[in-house]
Amino acid sequence: MSLRAFFALTLVCGCPHLAWAGPTEDLASGRQALEAGDLDRDVGCLATAAESLPDSIEARLALADCYLQLGRLEEALSSYRAVLQRSPNHVRAKRVVSA
């Protein structure tokens, strides 16, 4: 990702600490917000973490859970399917996708 795209993403996603953190920190921050119910604040961080860590099932699953709780069903299903592409036997993702 270019530096210009990185800073543009910082402004668009609404994640104020994105410029200072890496994808692992974004994932941790997003998971904390998810657990606290502050979904709007860190959905951008979870999306960034999932994009930056494409093989991370944890990042994709956290993003899917966040989208689901926000009522963004198509995005949630897409993220759960991405989990299943990487881990075909993931129980929770299978359950949500088949519901």
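In what follows, the structure referred to is the one given above.
This report concerns the structure included in the present document. Computed from a prediction, not measured in an experiment: that's the story for all the values here.

What follows covers helix α2 (residues 23-36). Given a rise of 1.5 Å per residue, 14 residues ought to cover 20 Å, and the 20 Å separating the end C-alpha atoms of α2 matches this to within 8%. Listed as buried for α2 are Asp26, Leu27, Ser29, Gly30, Ala33 and Leu34. Considered in projection along α2, the buried side chains sweep an arc of 170° and stay on one side of the axis. Residues of α2 that are exposed and point over 90 degrees away from its buried face: Thr24, Gln32, Glu35 and Ala36. Check the buried side of α2 and you find it contacts α3 (39-52) and α4 (57-70). Gly37, located one to two residues past α2, shows a positive phi value of around 80°.

A word on helix α5 (residues 73-86). With 14 residues, α5 should reach 20 Å at 1.5 Å per residue; the first-to-last C-alpha distance of 20 Å fits that figure. Within the span of α5, buried status applies to Ala76, Ser79, Tyr80, Ala82, Val83 and Leu84.

We now examine the environment of Gly22. With respect to the helices, strands and loops of the structure, Gly22 is situated in the loop between α1 (3-13) and α2. For Gly22 and Ala49, which are 27 residues apart along the polypeptide, the C-alpha to C-alpha distance reads 8.1 Å.

Our focus in this paragraph is the pattern of salt bridges. When the charged atoms of two side chains lie near each other, side chains of opposite charge can form a pair. Enumeration over the complete set of coordinates arrives at three salt bridges. A salt bridge links Asp65 to Arg92; the shortest N-O distance between them is 2.7 Å. Of this pair, Asp65 sits in helix α4 while Arg92 is found in helix α6 (residues 91-98), placing the two residues 27 residues apart along the sequence. With relative accessibility at 11%, the residue Asp65 sits in the buried group. The salt bridge partner of Arg72 is Glu75, with a shortest N-O separation of 2.6 Å. Of the residues examined, Arg72 reaches a relative accessible area of 32% and is grouped as partly exposed.

Rules behind the numbers
Residues numbered from 1 in each chain as written. Predicted model: local features only at pLDDT ≥ 70, side-chain atom pairs only at ≥ 80, totals over all residues. Heavy atoms only, no water. Helix = DSSP H or I, 4+ residues; strand = E, 2+ residues; numbered from the N terminus. Expected span 1.5 Å × (residues − 1). Buried < 20%, exposed > 50% of the residue type's maximum accessible area, 1.4 Å probe, protein only. Arc of directions from axis to C-beta. Contact = heavy atoms within 4.5 Å. Salt bridge = Lys/Arg side-chain N within 4 Å of Asp/Glu carboxyl O.

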